[in-house]
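# Coordinate inspection notes
Spelled out from the first residue to the last, the chains are:
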Amino acid sequence: MDYKINNNGGSATVVFSGDITFSENVSFRQLLKDIAEQQVESCVFDLSSVDMVDSAGLGMFLIAREQAETAGWKLSVSGAQGHVASMLKLTKLSDLLDG
Amino acid sequence: MNSSENSSVSGNDRDQELVAGVKAAKILIIDDMALMRKIIGVCLTRGGYENLLYAEDGEEALQMVEEHNPDILILDLNMPKVNGYEVCHALRANEKYKSLPILVQSASETDEERVQVFASGATDFVSKPINQPELLARVQMHLENKLMIHSLSDFRKRMETELVMAREMQQSLLPERPVIKEIEKRTNATIESFYRASFELGGDLWGCWELPDNKIGIYVLDITGHGVGSALNTFRVHATMARFKRSKNDPAAFLTDLNRVLQPSFPLGQFATMFYGVLDCATHELTYAGAGAPRPMVISGDDVRLLDSSGYPVGIARKPEYVNLKDKLLPGESLFCYSDVLVEAPQEEGGFLGEEGLVSWVKELSKEVERPKLVSRLLKRFFSVQSDLLPDDLTAVAIHRKDVDE
């Protein structure tokens, strides 16, 4: 998994690429730290270049959502397709993450 | 240098236990010259070592190694009867002494000799005349290495034993053969089940039970992650499920009960995807509710239909609002439930199978394989394109209902 944060005056987009799985735990936590260090009001996780997300990956989205609620910014996901879109739908996290 | 000084040098920074272990080490000094044995002995005594043994030649050395099992050898090369090289060769040929540290000391120090010393199996080299600090430093280093490797391998052995025990305990959470037999009888079906944890312990679980009014219940669940943390949670979930006698007849209520109890105790980011179905063996009606588990398949002839198992995974939402859905599992049909690794595991050629891929495999195989062997054939195919080391736990369970006339 790779990610790139584009922060446009508080409205940020994180563009992910690669798979988001159990083994990406450490880089995902780093991402959350990176976001926390920036001034963001809203953040969109752009998943259009992600091929696969497993249940641990979905768990990381939930952790991000909790961080967003605590820090008072808005998290949403966009661009999910294929397996990623089906996983979000299957677990109804698409509702929760405002996808 | 005296002994108290030396022990304080190493004492502050290093683990006290390690220092004590090093100082208690048995050291065998081998030299045909009495003076050399004495010099080395005095040097080591000053360094705080008390457990010293001496041999006058290679033959005596080999005997003493057998008898006393020393921790390290300080070995001269040129000796009568059996020389130093021969001692090295003899010891390395014995499995017991493969990792015994051998410190060779020699006066002549050409490149060829060094090569020969190491080729014969020596661990390290000190040159004569003996430089005392160097000798002590090398002895200490090799003894520490030996002790650390030893304690690491002890630790590893202990952990392995513990994991095997924990794994056996976890296996005991799965339905036992007699229970499965009863369910097979009641549903007039053959049950195929496979379960494999990715790292010794897993976060997958499945189970089935008999219910009143000629019904049975079956569930599969997958707790996020794997390893010890997830495995401990499978125990928690398993114990919690046993509490809900009444709601076992009602899948949505059962998931709701489970979520209510588990949601506060699951750590953030962890949850269980789950499917629970109740089959009425008389009417063949299947009532089920999903909490985000991979969609189970009903296999009918060589056709497959997917059950809608979507829903909030257990453990994340306060009001997940699970709903009961209805389908049929007729005689001759099969219900196949599996964990996500089947569709998500990276394949050797890149990519992953995906749900569509798995469905097409099931369709193909159901044309050529007897139904009760479908899952085992499916997994055989899966492992033919998959390395044995899976990134996640694997569960695959199928209820193959027999045709009425069978």
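Notes on the structure in this doc start here. If you're wondering where the values come from, they're calculated on a predicted model, not measured in any experiment. Here the residue index of a chain counts from 1 through its sequence in written order. The order in which chains are written sets their letters, starting at A; the order in which ligands are written sets their numbers, starting at 1. Thresholds applied to this predicted model are a pLDDT of at least 70 for local features of residues and 80 or more for the giving and counting of side-chain atom pairs; totals over whole chains, interfaces and linings are not thresholded and use all residues. Side-chain metrics rest on all non-hydrogen atoms present in the structure, leaving aside hydrogens and water.

If you look at the interface, chain A gives 21 residues, while chain B gives 19 residues. The quantity reported as buried area is the accessible area (1.4 Å probe) lost by two parts once they are put together, taken as the sum for both. Counting each side, the surface lost to burial between chain A and chain B is near 1600 Å², with a carbon and sulfur contribution of 73%. The salt bridge definition used is simple: a Lys or Arg side-chain nitrogen within 4 Å of an Asp or Glu carboxyl oxygen. For the pair chain A and chain B, the number of links is 0 salt bridges. Side-chain atoms alone can form a polar contact between residues adjacent in sequence; in general such a contact is a pair of N or O atoms within 3.5 Å, and within protein one must be able to donate a hydrogen while the other accepts it. Our enumeration of links across chain A and chain B arrives at 2 residue pairs in polar contact (both at pLDDT 80 or more). By definition, residues are in contact when any of their heavy atoms lie within 4.5 Å.

Turning next to the environment of Ile102 of chain B. All names here are of chain B. Mapping Ile102 onto the fold places it in strand β4 (residues 102–106). Each residue is assigned to one of three classes by its accessible area relative to the maximum for its type, calculated with a 1.4 Å probe on protein chains only: buried under 20%, partly exposed between the two thresholds, exposed over 50%. When its relative accessible area of 1% is taken as the criterion, Ile102 is described as buried. Expressed as a C-alpha distance, the spacing of Ile102 and Asp222, which sit 120 residues apart in the sequence, is 52 Å. The contact partners of Ile102, leaving out residues within four places of it in the chain, are Leu73, Leu75, Cys88, Leu91, Arg92, Gly121, Ala122, Thr123 and Asp124. Secondary structure follows DSSP: runs of H or I at least 4 residues long count as helices, runs of E at least 2 residues long count as strands, and numbering of each begins at the N terminus.

Another point: the packing of helix α3 (residues 34–46) of chain B against helix α7 (residues 132–171) of chain B. For any two helices packed against each other, the geometry comes down to the angle between their axes and how far apart the axes lie. All names here are of chain B. Where α3 meets α7, the closest approach of the two axes is 10 Å, and the angle between their N-to-C directions is 65°. As summarised for this structure, α3 and α7 are arranged roughly perpendicular, according to the angle between their axes. Along this stretch, α3 crosses α7, giving a crossing that reads as right-handed. Where α3 approaches α7, its residues Ile40, Cys43, Leu44 and Arg46 are matched on the opposing element by Gln132, Leu135, Leu136 and Val139. For this scheme, ten residues count as nonpolar: Ala, Val, Leu, Ile, Met, Phe, Trp, Tyr, Cys and Pro. Four count as charged, namely Asp, Glu, Lys and Arg, and the remainder, Gly too, count as polar. For the contact of α3 with α7, the per-class residue count stands at 6 nonpolar, 1 polar and 1 charged. Throughout, an axis means a line fitted to C-alpha atoms (over the contacting stretch in the case of helices), and angles, computed between N-to-C directions, take values from 0 to 180 degrees. Put simply, angles under 35 degrees are roughly parallel, angles over 145 are roughly antiparallel, angles from 65 to 115 are roughly perpendicular, and the rest are oblique. Left-handed describes a crossing whose near helix is turned anticlockwise from the far helix by less than a right angle; the clockwise case is right-handed.

A few words on helix α10 (residues 251–262) of chain B. Since the α-helix packs 3.6 residues into each turn, any two residues three or four apart lie on the same face. Residue and element names in this part refer to chain B. With 12 residues, α10 should cover 16 Å at 1.5 Å per step; its first-to-last C-alpha distance of 16 Å lies within 8% of that length. Pro251, Ala252, Phe254, Leu255, Asp257, Leu258, Asn259 and Leu262 are the residues of α10 that are buried. Among the structural elements, β7 (204–211), α9 (228–241), β9 (272–280) and β10 (285–291) are those in contact with the buried residues of α10. A helix's residues, less one, multiplied by 1.5 Å, set its expected span.

In this section: the nonpolar core. Residues Phe16, Phe28, Phe45, Leu47 and Phe61 of chain A together with Met241 and Met274 of chain B are the most contacted members of the largest nonpolar core, which totals 83 residues. In this structure Leu47 of chain A touches Phe16, Ile20, Phe61, Val77, Ser78, Gly79, Ala80, Val84 and Leu88 of chain A, once residues within four positions along its chain are discounted. Put simply, buried Ala, Val, Leu, Ile, Met, Phe, Trp, Tyr and Cys residues joined by side-chain atoms within 4.5 Å make one nonpolar core. Within the second largest apolar cluster, 25 residues are counted, among which are Met297, Ile299, Phe336 and Ala345 of chain B.

Attention now moves to the sheet that holds strand β3 (residues 72–76) of chain B. Residue and element names in this part refer to chain B. One open sheet accounts for 5 strands, arranged β2-β1-β3-β4-β5; its pairing is parallel. Bordering the open sheet on either side are β2 (52–55) and β5 (124–127), each of which pairs with just one other strand. Sheet twist, expressed as the average angle between the axes of neighbouring strands with direction ignored, equals 20°. Of the strands in this sheet, β1 (27–30), β2, β3 and β4 are in contact with α3, which crosses β2 at around 170°. Taken strand by strand, helix α4 (residues 58–68) contacts β1, β2 and β3, and its axis lies near 145° from that of β2. Strand pairing is assigned whenever DSSP detects at least two bridges linking the two strands.

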